[in-house]
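Observations on the three-dimensional arrangement
For reference, the chains in residue letters:
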Amino acid sequence: MAMKEEIGSTEISNPRGLPLETNFKVDPADNVTGYKSFQAGQFSFRRDEYFAYIETPKGAHTMSVDAFLRALMRDVAWGFFYGTVNFDPVFGTTNYYGEVDMFYGTLNEAYSSAGRDFVERFKADELMGIFKGIVSDWTNEGFDPFAAPRETGTPWGTKNGDNDEAVSRERVTARRMVGIPGDTPVRTDENGFPVNVMFDDVDQGQPEINAEPGFEAEVQAYNLFGYLSRSDVTWNPSVCSVVKDSLFCPTTEEYILPVEHGNDRCEWFIQMSDQITWNIKDGDTGRPKAVVAMKAGDVACMPADIRHQGFSPKRSMLLVWENGSPKVPELIREGKAPNVSVQF
Ligand code: PHB
Ligand code: FE
């Protein structure tokens, strides 16, 4: 995920004033499908050959298990990410950094205006335990929820092995910058990151670095296009350079961002290659707001009060630029920081 390791020392905000739920349960494998089912608070989760089923006291929800596992994989790998991870227009999580709200219909105007919404609050590490259990148990051998559909087997059918190696991948989080001695390494054939076939025209040259004696560990440069051409995952921004709260989180994209991300701060997108079309909706209601087609070289700033989902017809490169300060979401909620980064 695009996030620094440490969580700020600021107090955990709880805008809905919800109590912490402590009921967690893993039920044994089903005799027919072979999958376990899971409970967190009054949410229950079950899968069969094609679908994930989420049940709450206010109603039941069904998702394709393919879409559900791709979304769950991001929520797990990103530690609940910034703000809201909508698995689809109905179900998702909102991160309060230490505690998490899990919701059904709460950020969907049709559900909430009819009183059909349900939300509960959890300690982040406790809910994460359940989410990690689901992604591990429900992912079959040969299916990689991080991969583009072209590059992976399918998630369908009854329980058939696992792919724990893929679903427990460590995300890249540079402390200062990729390639600095002791920091996360540049990708090469030798360390297991061959060039993706869709990027076989990307120049693999590296810049020449001539540091003054004594500054060899302080001066660094690398070929970011080459680095991204070797990514083995899609829709997974990783921290590649850090200057205080300024985080450069580039990523390679193909097919559909598996979540509708509801921002809790502004974030900048720089389209480095090819094209992504973004559907933008209101963060609270889900009302459609805009469709933004970003071509190579385009720059956009996503406001703090929207959700967005990207569609990338070819594997593309995107730089996501985040302000990682833990203070920003509360400043925005209190109206002390704006929802947009620039005004013209
Ligand atoms: C985002 O929500 O801003 C986001 C998430 C994953 C990506 C790119 C952008 O790969
Ligand atoms: Fe986002």
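In this report, we go over the structure that sits alongside the text. (Residues numbered from 1 in each chain as written. Chains lettered and ligands numbered in written order. Predicted model: local features only at pLDDT ≥ 70, side-chain atom pairs only at ≥ 80, totals over all residues. Heavy atoms only, no water.)

**A look at the overall build of the chain**
Looking only at helices and strands, one finds 6 helices and 17 strands in the chain. Here the C-alpha coordinates of the chain stretch approximately 65 × 50 × 35 Å along the principal axes. Among the 344 residues that make up the chain, the fraction classed as buried is 49%. Looking at the chain alone, contacts between residues at least 24 apart form 64% of all its contacts between residues at least 6 apart. (Helix = DSSP H or I, 4+ residues; strand = E, 2+ residues; numbered from the N terminus. Buried < 20%, exposed > 50% of the residue type's maximum accessible area, 1.4 Å probe, protein only. Contact = heavy atoms within 4.5 Å.)

**Description of the pattern of salt bridges**
Pairing between side chains becomes possible if they bear opposite charge and their charged atoms approach one another. Counted by the stated rule, this structure contains 21 salt bridges. Glutamate 151 is the salt-bridge partner of arginine 315, the closest N and O atoms lying 3.1 Å from each other. Here arginine 315 is found in strand E17 (residues 306-323), whereas its partner glutamate 151 is found in the loop between helix H3 (124-138) and helix H4 (164-167), with 164 residues between them in sequence. The network of salt bridges with common partners includes Arg16, Glu99, Asp101 and Arg121. (Salt bridge = Lys/Arg side-chain N within 4 Å of Asp/Glu carboxyl O.)

**A look at the coordination of the iron ion (ligand 2)**
Protein coordination at the iron ion (ligand 2) comes from His261 (ND1), Glu267 (OE) and His308 (NE2), with a distance range of 1.8 to 2.1 Å. Positions of the donor residues of the iron ion (ligand 2), expressed as sequence spacing, correspond to H-x5-E-x40-H. Placement of histidine 261 in strand E12 (residues 260-262) and of histidine 308 in strand E17 is noted, with a sequence separation of 47 residues between them. Among the residues examined, histidine 261 registers a relative accessible area of 3% and is labelled buried. (Donors = N, O, S within 2.8 Å, 3.2 Å for Na, K, Ca; no water.)

**Re a nonpolar patch on the surface**
Together, Tyr50, Phe51 and Trp156 make up an exposed nonpolar region whose accessible area comes to about 320 Å². By the element assignment, phenylalanine 51 lies in strand E4 (residues 51-56). (Patch = residues over 30% accessible without salt bridge, like charges linked within 9 Å, V, L, I, M, F, W, Y side chains within 5 Å. Areas by Shrake-Rupley, 256 points an atom, 1.4 Å probe, with all protein chains shown as cover.)

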